[in-house]
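# Architecture at a glance
Okay, here's what each chain looks like letter by letter:
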Amino acid sequence: SLSQDSSDSPSWYAIALKTLRDVTGVLFFVRWSRYNPYYLEPEVQKEAYNRSETELSAEDKKELELKMLRPIKSAPIGVTSSFFSDPVLSKFTNMMMKSGNKVLSQEITLENIKRKQVEKYHKASEEKKEEIECNPYTIFHQALDNCKPVVGLASIQRGGKFYQASTWPEQPPSSITDENQVC
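Residues numbered from 1 in each chain as written. Predicted model: local features only at pLDDT ≥ 70, side-chain atom pairs only at ≥ 80, totals over all residues. Heavy atoms only, no water.

Moving on to the overall build of the protein chain. In terms of helices and strands, the protein chain carries six helices and two strands. Scored against the burial criterion, the 183 residues of the protein chain give a buried share of 10%. Partitioning the contacts of the protein chain with sequence separation of at least 6, the portion at a separation of at least 24 is 39%. Within the structure as shown, the protein chain displays about 15,800 Å² of accessible surface, and the carbon and sulfur contribution to it stands at 54%. (Helix = DSSP H or I, 4+ residues; strand = E, 2+ residues; numbered from the N terminus. Buried < 20%, exposed > 50% of the residue type's maximum accessible area, 1.4 Å probe, protein only. Contact = heavy atoms within 4.5 Å. Areas by Shrake-Rupley, 256 points an atom, 1.4 Å probe, with all protein chains shown as cover.)

Under the counting rule described, the total for this entry stands at six salt bridges. One salt bridge connects glutamate 63 with lysine 67, and the closest N-O pair in it is separated by 3.7 Å. Residue glutamate 63 and its partner lysine 67 are located together in helix α2 (residues 58-69), separated by four residues, close to a single helical turn. Looking at glutamate 63, the relative accessible area reads 38%, which means it is partly exposed. For aspartate 145, the salt bridge goes to lysine 148, with nearest N and O atoms at 3.4 Å. Here aspartate 145 falls in the partly exposed class, since its relative accessible area comes to 41%. (Salt bridge = Lys/Arg side-chain N within 4 Å of Asp/Glu carboxyl O.)

Moving on, we come to the packing of aromatic side chains. Each aromatic ring pair is summarised here by two numbers: the centre-to-centre distance and the angle between the ring planes. Overall, the coordinates contain two aromatic pairs when judged by the stated rule. The interplanar angle of 50° and the centroid separation of 5.3 Å between the aromatic rings of tyrosine 35 and tyrosine 39 together place this pair among those described as tilted. Assessed through its relative accessible area of 24%, tyrosine 35 is described here as partly exposed. Judged by relative accessible area, which is 31%, tyrosine 39 ranks as partly exposed. With a centroid separation of 5.1 Å and 65° between ring planes, the pair formed by phenylalanine 92 and phenylalanine 140 is classed as edge-to-face. Residue phenylalanine 92 is found in helix α3 (residues 87-96), and its partner phenylalanine 140 is found in helix α6 (residues 136-147); the two are separated by 48 residues along the sequence. Look at phenylalanine 140 and you get buried, because its relative accessible area is 6%. In this structure, arginine 70 packs its charged tip against the face of tyrosine 38, placed 4.6 Å from the ring centre. Positioned above the aromatic ring of tyrosine 121, the side-chain terminus of lysine 129 is 5.1 Å from the ring centre. (Phe/Tyr/Trp six-rings, centres within 6.5 Å; stacked < 30°, edge-to-face > 60°. Lys NZ or Arg CZ within 6 Å of the ring centre and 35° of its normal.)

Looking now at the pairing of strand β2 (residues 161-167). Little of β2 is tucked away: zero of the seven residues are buried. Across seven bridges, strand β1 (residues 152-158) lies against β2 in antiparallel orientation. Of the residues in β2, the one forming a bridge with arginine 158 is lysine 161. Connecting the antiparallel pair β1 and β2 is a turn made up of two residues, with glycine 159 showing a positive phi of about 60°. (Pairing = 2+ DSSP bridges.)

Here it is as structure tokens:
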């Protein structure tokens, strides 16, 4: 008969739970999770892939072996192991974005910097070409450092009132040297 009493034999769900517990050694559920607990977490640190087998400990070798055999969860949207991934640049691009056009804001930032520097490089004499920086990432970070404020504000309480007073940061910016300090 097709209808069986639940007390006679275990249901498919109970069999699946037992199999899962046997395979993983643990049994826990995360509500609305796409992945079974058997899946491994993704490795997004670039340094983890550059180590040779002689540098790996026994524990790391075992983990590497597991990664070859077991399925791995996909990485979250904002996480990447790309060489070109830069969280500061990504934040700047998102702040510059107009009407959801991210490609346009990326072109404005990096491609324009690169074009200007290459033009400058080709117009320069041979001895000055070595001094010109053509890496847009380096130029972008230098520009951000130059835009940071030299003086900060701190709240000071005097007699029940809060006042904003200017303060120097703990570490002065690299652009300020001994001969041109502002006092």
